[in-house]
Amino acid sequence: MTLNWFKFASPATFYPLAGRLTRPFWILTGVLLVIGLYWGFFQTPDQLGGNNAQKEYYRIIFIHVPAAWMSMWLYIVMVFWAAIGLVFNTRLSFMMANAVAPTGAVFTFLALWTGAFWGRPSWGTYWDWDPRLTSELVLFFMYVGYIALHSAIDDIRRADRASALLAIVGLVMVPVIYWSINCPDPTQCAALHQRSGLGKIDGHILFSMLTMTLAFWMYAFATGFMRLRSIILTREAEASWVQELVSREQPR
């Protein structure tokens, strides 16, 4: 028995599938969040680092780091679906990109917000205009710009194409963020934000961060599918299958 994946390219076919997947993703989100937060608060060292050790406040990394990772990955996912929509002119692809954008913006804001709270006790300031922090802020503006541009154009097809082009242009910020944090020559990229890397992290800390990252992925799927179903109903409101669905759900 072979599964025809192309049939799910239709909004009418994908709508019920998204509905069936939403609940399991919410359950996984809750379970993984509990495990990740418990491990981060109760199974990790009291301090992080050596000579200039960070005390209990370092635990904000269990939110900050996964949120920062998600901000970049979800932008790539958004651009992927937007590009698929431009190339193949598929309605569902544009809807996918539109559904991912708000969640990506939330994670980017969360990364900036938690980073500011972490920065105050660590560096003595909430913010510093260096490339590593500023590039993440620009990424947040790209998310907001994508959402705003799509909302500002009444013609849905034009809005899809225009916002997709903006998203593709903004993709340059993802490698900028990565290389600003992992600068090949740190002496030429002096900044408050430390370099990233998983090699020297305590195993318990790494487990908590990866679990929280997986929880955020499950959250992204859950919210994305919920938002996608709403978008499908709005855009396909005149379709016969939507009208039949609405008539079935109306109280008799």
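Calculation criteria
Residues numbered from 1 in each chain as written. Predicted model: local features only at pLDDT ≥ 70, side-chain atom pairs only at ≥ 80, totals over all residues. Heavy atoms only, no water. UniProt positions renumbered as here; feature names shortened; annotations may be inferred. Helix = DSSP H or I, 4+ residues; strand = E, 2+ residues; numbered from the N terminus. Phe/Tyr/Trp six-rings, centres within 6.5 Å; stacked < 30°, edge-to-face > 60°. Buried < 20%, exposed > 50% of the residue type's maximum accessible area, 1.4 Å probe, protein only. Lys NZ or Arg CZ within 6 Å of the ring centre and 35° of its normal. Arc of directions from axis to C-beta. Patch = residues over 30% accessible without salt bridge, like charges linked within 9 Å, V, L, I, M, F, W, Y side chains within 5 Å. Areas by Shrake-Rupley, 256 points an atom, 1.4 Å probe, with all protein chains shown as cover. Salt bridge = Lys/Arg side-chain N within 4 Å of Asp/Glu carboxyl O. Axes fitted to C-alpha atoms, helices over the stretch in contact; angles between N-to-C directions. Parallel < 35°, antiparallel > 145°, perpendicular 65-115°, else oblique. Left-handed = near helix turned anticlockwise from the far one by under 90°.

### Points about the UniProt feature "transmembrane region" (unreviewed entry) in the protein
Per the UniProt record, the feature "transmembrane region" (unreviewed entry) sits at residues 21-41, 61-88, 95-113, 133-152, 164-181 and 201-222. Along residues 21-41, the helical share is 100% and the strand share 0%, with 30 Å between the first and last C-alpha atoms. A helix fraction of 91% and a strand fraction of 0% characterise residues 201-222, whose end C-alpha atoms lie 30 Å from each other.

### Some words on the packing of aromatic side chains
Taken as a whole, this structure holds 18 aromatic pairs when the rule is applied. Considering the side-chain rings of Phe 14 and Phe 225, the 5.9 Å spacing of their centres and the 50° angle between planes classify their relative orientation as tilted. Of this pair, Phe 14 sits in helix α1 (residues 11-42) while Phe 225 sits in helix α7 (residues 203-235), and the two are 211 residues apart along the sequence. In this pair, the class of Phe 14 matches that of Phe 225, namely buried. Taking the centre distance of 5.9 Å and the plane angle of 85° together, the rings of Phe 107 and Tyr 219 count as edge-to-face. Taken together, the positions of Phe 107 in helix α3 (residues 91-123) and Tyr 219 in helix α7 put the pair 112 residues apart, joining distant regions of the chain. Here a set of aromatic residues connected by ring pairs shows up, and it is made of Phe 14, Phe 25, Trp 217, Phe 221 and Phe 225. One residue, Arg 229, lies across the ring of Tyr 15, its end atom 4.0 Å from the ring centre.

### Describing helix α6 (residues 173-181)
When α6 is considered as a whole, its buried residues turn out to be Met 173, Val 174, Ile 177, Ser 180 and Ile 181. In a view along the axis of α6, the buried residues occupy a sector of 140°, so they form one face of it.

### Structural notes on a nonpolar patch on the surface
On the surface, a cluster of nonpolar side chains totalling about 330 Å² of accessible area is made up of Ile 27, Val 31, Ile 35 and Phe 207. Among the elements that take part in the nonpolar patch, α1 stands out by supplying three residues, more than any other. Here Phe 207 is to be found in helix α7. For Phe 207, a relative accessible area of 37% gives the class partly exposed.

### Observations concerning the packing of α1 against α7
Contact geometry for α1 and α7: axes closest at 7 Å, N-to-C directions at 155°. Taken together, the axis directions place α1 and α7 in an arrangement best described as roughly antiparallel. Every pair of crossing elements has a handedness; the one defined by α1 and α7 is left-handed.

### What about unusual backbone geometry?
The phi torsion at Asn 89 lies on the positive side, around 55°, for a residue other than glycine. Within the fold, Asn 89 resides in the loop between α2 (61-88) and α3.

### Here we look at the pattern of salt bridges
Scanning the entire structure with this criterion turns up two salt bridges. The shortest N-O distance in the salt bridge between Arg 91 and Glu 236 comes to 2.6 Å. Pair noted here: Arg 91 is in helix α3 and Glu 236 is in the loop between α7 and α8 (240-249), with a separation of 145 residues, a long-range link. Take Arg 91: its relative accessible area is 38%, and that puts it in the partly exposed class. We note a salt bridge from Asp 160 to Arg 235, for which the minimum N-O separation is 2.9 Å.

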